Amino acid sequence: LGGAVTDANGVRRSFAHRCSFGCRGGGVLHSKFYLFHSAITAPGGALIGRTVMVGSSNMTANASKVQWNDLYTVRGDTGLYNHFLWMFARMERDRDERRTFQFNDGIYQTTFTPLTPNSADPTMAALNSIHCTGATGGTGYAGRTVVNINMHAWFGVRGYAFAQRVRDMYDHGCYVKVLYSFMSWSVYKKLTHGTGYRMSVRRTIFSRNGGIHATLYSHFKMIAVSGVVGTNHAASVVWTGSNNFTNDGVKFDEVTMRIASRAAWAQYVRQFA
């Protein structure tokens, strides 16, 4: 395919370029999204024009054989597709650009990081938008907001700040369940030790033969909420993508998509269960 992103005319249709560390951030390119546009139909007659796929899944053997992953697919949404394509074009430049971009496309809100220096963390903003009482419209449970978090990696100063917020939600009446693969002791202690009952926090990493090597583990980076989000007391919202609850989540190239859809929420909670 060749490594150059442009030819003498400024256009190159095919290339495979390795970014220097991240494409816009520092460290690694960690986002996982796939864009397709074609007039050809897929087997079964499905249209694949302006298709966006985003989630936690890498193109690795681990992703298919060892990890639980998600890949959320949207077809035919021109605005969403164009915003992802625009971001891909910025990433092609392979320039250090510490700047957050956020786009709204109907039920989808997409956030691309690295984080703009000295700006608010969008993941903390998402957690802060969740309120624990007053759920209506068939959401939540007995008027309380229900929060399901499935997080691959949860540690560091940033992770501890999220743990404080999640524990605060639990102490204020949210029903909170957490699945994780890798978590620091300080985060685990913050989540599980406090007033009232013990929060449900379960590790999802397993070895089929009882050995030291994991043969199955969760690679999700997901929050699913039913109840009060912002001013909406009957919300069903999912956040998913590539961003772990770690310090590196603000430095790497990452993508998080907020999906305001009861159907999507039901799918993610069913998988969580």
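Residues numbered from 1 in each chain as written. Predicted model: local features only at pLDDT ≥ 70, side-chain atom pairs only at ≥ 80, totals over all residues. Heavy atoms only, no water.

Caption draft 1: Molecular detail of the pairing of strand S2 (residues 51-55). The buried fraction of S2 is high, at four of five residues. Pairing of strand S1 (residues 33-36) with S2, which is carried by four bridges, proceeds in the antiparallel orientation. Pairing of Phe 36 across the sheet is with Thr 51, part of S2. In this sheet, strand S4 (residues 71-75) lies alongside S2 in antiparallel orientation, the contact comprising five bridges. Bridge assignment links Met 53 to a residue of S4, and that residue is Thr 73. (Buried < 20%, exposed > 50% of the residue type's maximum accessible area, 1.4 Å probe, protein only. Helix = DSSP H or I, 4+ residues; strand = E, 2+ residues; numbered from the N terminus. Pairing = 2+ DSSP bridges.)

Caption draft 2: Highlighting the nonpolar core. Grouped together as the largest cluster of nonpolar side chains are 31 residues, with contacts concentrated most on Ile 149, Trp 154, Val 166, Met 183 and Leu 191. Taken together, the elements giving at least two residues each to this core come down to helix H3 (122-128), strand S8 (146-154), helix H4 (156-171), strand S9 (175-183), helix H5 (185-192), strand S13 (221-229) and strand S14 (232-241). The dominant element in this core, judged by the number of residues it contributes, is H4, at five residues. (Core = buried A, V, L, I, M, F, W, Y, C linked by side-chain atoms within 4.5 Å.)

Caption draft 3: Geometry of the packing of aromatic side chains. According to the stated counting rule, one finds 15 aromatic pairs in the structure shown. Consider the rings of Tyr 141 and Tyr 175, whose centres lie 5.5 Å apart with planes at 85°: the pair is edge-to-face. Separated by 34 residues along the polypeptide, Tyr 141 in the loop between strand S7 (130-131) and S8 and Tyr 175 in strand S9 bring together distant segments of the chain. Owing to a relative accessible area of 40%, Tyr 175 belongs among the partly exposed residues under this scheme. Three or more aromatic residues link up through ring pairs in this structure, and these residues are Phe 33, Phe 84, Trp 86, Phe 101, Phe 103 and Phe 112. (Phe/Tyr/Trp six-rings, centres within 6.5 Å; stacked < 30°, edge-to-face > 60°.)

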